[in-house]
Every structure is written in structure tokens, then in C-alpha cells.
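Geometric and topological summary
What follows is the residue order along each chain.
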Amino acid sequence: MSRPSGDDAPAAARTPRTYWVAGTAVLLALLFAAAATVTAATGDTGGGTPARTPALHSPDAGFARDMAVHHQQAVEMSFIVRDRTQDEAVRSLAYDIANTQANQRGMLLGWLDLWGLPKVVAGEPPMSWMGTSGDPGSEGAPAGGHTGHGSGHAAKPGALMPGMATKEELARLDAASGRDAEVLYLQLMTDHHQGGVAMAEGCARQCGTPVERDLAQGMVDAQRSEITLMADMLGQRGAAPRG
């Protein structure tokens, strides 16, 4: 693969610093994940008061269920692209995303176990927790009742949640190689992060569990940094984010 030159030079010059920023965000997210898991396990809100267990349809539980599914697809796409290119920059980014989101997914599912709540609720529409009103810990049927309610980002046809790739897009990524695979992965993951940021912002506003709100805000910060990085990487390959 040829090295970027000419008009690509400014983007290439920004890349090392952007990598450092994104890498730092990933490290902080992983360090926070370990501390947050311990805090959630003890049920301490930080003031010595036991945390209240979230209800079945609370934003806390809904976000944990939906984001675990959302993260799983990011991990899947990252493993696909690592087998489709030898480009070290893309492979390194894919490894960081897969590692971070797999760790966060484990935390979210672990919290559901600690709360005694199911990982799947029959008949619960994805993202319905973002329309839940009132006390974040209150019981009751999910409000809204349609995908992406309250998120400001609608899921595209064929996708389960905002930002997620369709089966057809995953098949295209699986069939691509080299630069084509790199560009498609960066575009799909940019979309994925944008949807994930909207979801995490919803939890940061609505979730009642302090450590989960903090984790959600950490996701927002880290994924925004990676969106900036991926825009630079796409520019170096003569491409741009979709939409």
C-alpha cells in the first residue's frame, strides 16, 4: 500500500497525536471498568449508602442489555477486519476497539447478573428505555415502544439499533480485503460509534446507578475521540465518513 503524500500529509501529521489521545481514552476506560465493577459488586454509591437495585425496565437495565448487544457487533466487525488487512494502523485500532468493548460488555452483563435481571426481555423493543419517564429506578412498562425512541438517531432499515450494521453490510466487510476492507470498516465503525454515543449519552442523563452513568460518559468521550481518529484515517485513504 502506498504511503500518503501531498494533500494527505496534514491528516497523516495529525495521526500520531490522535492515536495517543484515543489510546489514552481506551486505557482510562479499561482502568475505570475494573474500579466500577468492584464498586457495583459492593453496592456502594460512594457515600456508604447501598445502591438501589434497578428495575426490569429501568434505563439502567435497558442500557446494559442494549449496549451489550451493540458492543458485540463492534467486536465482531473488528475481528473481521483484522483478518482482511495487513495495515497495522487499522489492525491496532480494531484490536483496541474489540478489547475495550468486550471488557465493557462483560461489565454490563455482570451488572445485570448482580441485579438479578435477565439479559433478554421478551417483547421489549430495543432502545425503549430511552423513552422511560419518571424515576430511573421505577418499575413499569417501557415507554415509547419503537427503536431509537428519544435518541435522535433512528436505526436504518435492517439494523437492530442506531449505528449498527446490517447483515448485508457485514457480508460486504467479510468479502472485502485490503484498502476496501479498511475503508468499509472505518465507515461502518464511525456509524457504529455515532449510534453508541447517542445511547451512552442517554444513559449518562437517565441512568440511576452512578457507576453506570460514569461508564456511559466514558464511552461517549472515548468513542468521540475514535470518531476523530477514523475520519483522519479515512482521509489518508482518499475516503470520508458516510452521511
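A short tour of the structure in this document, coming up. (Residues numbered from 1 in each chain as written. Predicted model: local features only at pLDDT ≥ 70, side-chain atom pairs only at ≥ 80, totals over all residues. Heavy atoms only, no water.)

**Focus: the side chain of His192**
Mapping His192 onto the fold places it in helix H5 (residues 178–206). According to the relative accessible area criterion, His192 is buried, its value standing at 1%. Sequence-distant contacts of His192, that is, excluding residues within four places in its chain, are made with His70, Gln73, Ala74, Met77, Gly163 and Met164. (Helix = DSSP H or I, 4+ residues; strand = E, 2+ residues; numbered from the N terminus. Buried < 20%, exposed > 50% of the residue type's maximum accessible area, 1.4 Å probe, protein only. Contact = heavy atoms within 4.5 Å.)

**Remarks on the environment of Gln72**
On the secondary structure map, Gln72 appears in helix H2 (residues 59–82). Along the backbone, Gln72 and Ala102 are 30 residues apart, and their C-alpha atoms lie at a distance of 7.1 Å.

**Comments concerning the packing of aromatic side chains**
Using the criterion set out here, one finds two aromatic pairs in the structure. Ring centres of Phe63 and Trp129 lie 5.6 Å apart, and the angle between their planes is 75 degrees; on these two criteria the pair is classed as edge-to-face. You can see Phe63 sitting in helix H2 and its partner Trp129 sitting in the loop between helix H3 (88–115) and helix H4 (167–175), a full 66 residues away along the chain. Judged by its relative accessible area of 0%, Phe63 falls in the buried class. (Phe/Tyr/Trp six-rings, centres within 6.5 Å; stacked < 30°, edge-to-face > 60°.)

**Some remarks on the environment of Asp66**
Tracing the sequence through the fold places Asp66 in helix H2. What makes Asp66 buried here is its relative accessible area of 9%. Along the backbone, Asp66 and Lys119 are 53 residues apart, and their C-alpha atoms lie at a distance of 9.1 Å. Here the side chain of Asp66 touches Met127 through a polar contact of 2.7 Å, landing on its backbone nitrogen. Only 3.0 Å separates the side chain of Asp66 from the side chain of Trp129, close enough to count as a polar contact. (Polar contact = N/O pair within 3.5 Å; in protein donor to acceptor, adjacent residues only side chain to side chain.)

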